[in-house]
Amino acid sequence: MAEVLVYVDHVDGAVRKPTLELLTLARRIGEPVAVALGSGAENTAAALAEHGAVKVLTADAPEFAEYLVVPKVDALQAAYEAVSPAAVLVPSSAEGKEIAARLAVRIGSGIITDAVDLEAGDEGPVATQSAFAASFTTKSRITKGTPVITVKPNSAAVEAAPAAGTVEALSVSFSEKATGTKVVSRTPRESTGRPELTEAAIVVSGGRGVNGAENFAIIEALADSLGAAVGASRAAVDAGWYPHTNQVGQTGKSVSPQLYIASGISGAIQHRAGMQTSKTIVAINKDAEAPIFDLVDYGVVGDLFEVVPQLTEEVKTRKG
Ligand SMILES: Cc1cc2nc3c(=O)[nH]c(=O)nc-3n(C[C@H](O)[C@H](O)[C@H](O)COP(=O)(O)OP(=O)(O)OC[C@H]3O[C@@H](n4cnc5c(N)ncnc54)[C@H](O)[C@@H]3O)c2cc1C
């Protein structure tokens, strides 16, 4: 069976969920061979094997941390040359897309970015993309070279499928360009203790109706009662009430949690584009005509300042 390279997104060996989703998709088109780079790369092997990686190619070198993406592209290209895969899959983060695009240029291949599904086809993998704020769904196939495809988080269910996960050291020689852009400082984002937005099973979002940065405390309180991540509409983010990193939508993050609770969000198409694949959608809005209600499984017509705190209390009570 053809091998499929899967680029691993991990933090010191802890594999991030979008990579495990990629392994599910990779198994549809071949045998996943994972490529894990940087500090803790070898520690990814157990999780990758558990989810179907037949091999885990690892490399660590100071260049991966000290310079921007080019050393990683060099390593992924080395893996590509060692394996001659049927496809290369990369998580659709900003960094992932840059790595994938650079690799595609180097190996003369076509690229598809932001796929939301992937299936095997007679002439190569067929990727589904969601276009124009999810008003169209397109299916595409790469016709030149080895398909390089980046896949959005939450595009597939994580499935255990134990495989050998044999660890092999990947030999990488860095190109001249690898050290062209040096990282001069790093400031870790303050941890909120909440799950990562794109990976969370529950997301509680606030919009313009929240009416001020200080009022986001009630959205956070509901999120914390549910163990959820906090999202925000662009209107709330542009007003400076919540960080840009939490924006959900076409120009923000795509989320697909089990439960999405939208408070004070009207449901503009650009917001929907980032959350409409959520499994259960709940909206709280004081306007019964708000378009978000066209989308919801459960809707509450009411003032969020009354409804959200009551909901939080009820969740806490039921949790005991
Ligand atoms: C190119 C482009 C890209 C965009 N990308 C994004 C994106 O990624 N994400 C995104 O979110 N938007 C995006 N937008 C903006 C989008 O069009 C909307 O303007 C935005 O989503 C509106 O945010 P909102 O729903 O919070 O605000 P509004 O549309 O103003 O809605 C606020 C809602 O809150 C309700 N409300 C007010 N007070 C209360 C209360 N006390 N209790 C309950 N309900 C209340 C109101 O009834 C209203 O429905 C984009 C726009 C463009 C043009």
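Note that the structure is a prediction, hence the values are computed from the model and not measured.

Cut-offs used in this document
Residues numbered from 1 in each chain as written. Predicted model: local features only at pLDDT ≥ 70, side-chain atom pairs only at ≥ 80, totals over all residues. Heavy atoms only, no water. Helix = DSSP H or I, 4+ residues; strand = E, 2+ residues; numbered from the N terminus. Buried < 20%, exposed > 50% of the residue type's maximum accessible area, 1.4 Å probe, protein only. Contact = heavy atoms within 4.5 Å. Near = heavy atom within 4 Å. Polar contact = N/O pair within 3.5 Å; in protein donor to acceptor, adjacent residues only side chain to side chain. Areas by Shrake-Rupley, 256 points an atom, 1.4 Å probe, with all protein chains shown as cover. Nonpolar A, V, L, I, M, F, W, Y, C, P; charged D, E, K, R; others polar. Domains from an automatic or database assignment. Buried area = accessible area lost by both parts, 1.4 Å probe. Salt bridge = Lys/Arg side-chain N within 4 Å of Asp/Glu carboxyl O. Core = buried A, V, L, I, M, F, W, Y, C linked by side-chain atoms within 4.5 Å.

Draft legend 1. Structural view of unusual backbone geometry. In this model, Asp 12 sits at a positive phi of 50°, which is unusual for a non-glycine residue. Its place among the elements puts Asp 12 in the loop between β2 (10-11) and β3 (14-15). Classification of Asp 12 by relative accessible area gives exposed; the value is 58%. Positive phi, normally seen in glycine, also occurs at Ser 84, with a value near 50°. With respect to the secondary-structure elements, Ser 84 resides in the loop between α4 (70-83) and β6 (87-91).

Draft legend 2. Region of interest: the side chain of Gln 77. For Gln 77, the location among the structural elements is in helix α4. Ignoring sequence-local partners within four residues, the contact set of Gln 77 consists of Leu 103, Arg 106 and Ile 107.

Draft legend 3. Seen up close, the site of the ligand. Around the ligand sit 25 residues, and of these Arg 208, Ser 233, Thr 251, Ser 266 and Asn 285 come closest. Here Arg 234 contributes a backbone N or O atom positioned 2.9 Å from an oxygen atom of the ligand. Between the ligand and Gln 270 there is a distance of 2.7 Å, counted from an oxygen atom to a side-chain nitrogen or oxygen. Contact with the protein chains covers 76% of the free accessible surface of the ligand, which is 990 Å². Of all the elements in the fold, those that place two or more residues in the shell around the ligand are α7 (234-238), α8 (269-272) and α9 (304-319). For the shell around the ligand, the residue count by class is six nonpolar, 14 polar and five charged.

Draft legend 4. Local environment of the domain arrangement of the protein. If you check the domain split of the protein, you get domain 1 (3-179) and domain 2 (202-319). A straight line from the C-alpha centre of domain 1 to that of domain 2 covers 32 Å. The interface of domain 1 with domain 2 comprises five residues on the first partner and seven residues on the second. Both faces considered, domain 1 and domain 2 share a buried interface measuring about 490 Å² in area, 53% of it formed by carbon and sulfur atoms. One can count zero salt bridges joining domain 1 with domain 2. Taken together, the links from domain 1 to domain 2 amount to one residue pair in polar contact (both at pLDDT 80 or more). Looking at the side of domain 1 that touches domain 2 residue by residue, the classes come out as two nonpolar, two polar and one charged.

Draft legend 5. Region of the structure containing the nonpolar core. Ranked by internal contacts, the top residues of the largest apolar core, which has 27 residues, are Leu 48, Val 56, Leu 89, Leu 118 and Ile 149. Where this core is concerned, the elements lending two or more residues are β1 (3-7), α1 (17-29), β4 (31-37), α2 (45-50), β6, β7 (111-119) and β10 (148-151). Per-element tally for this core: the top contributor is α1, with six residues. In this structure Ile 149 touches Val 88, Leu 89, Val 90, Ile 112, Ala 115, Leu 118, Pro 125, Ala 127 and Ile 142, once residues within four positions along its chain are discounted. With 26 residues, the next largest nonpolar core counts Leu 57, Ala 61, Tyr 80 and Leu 170 among its residues.

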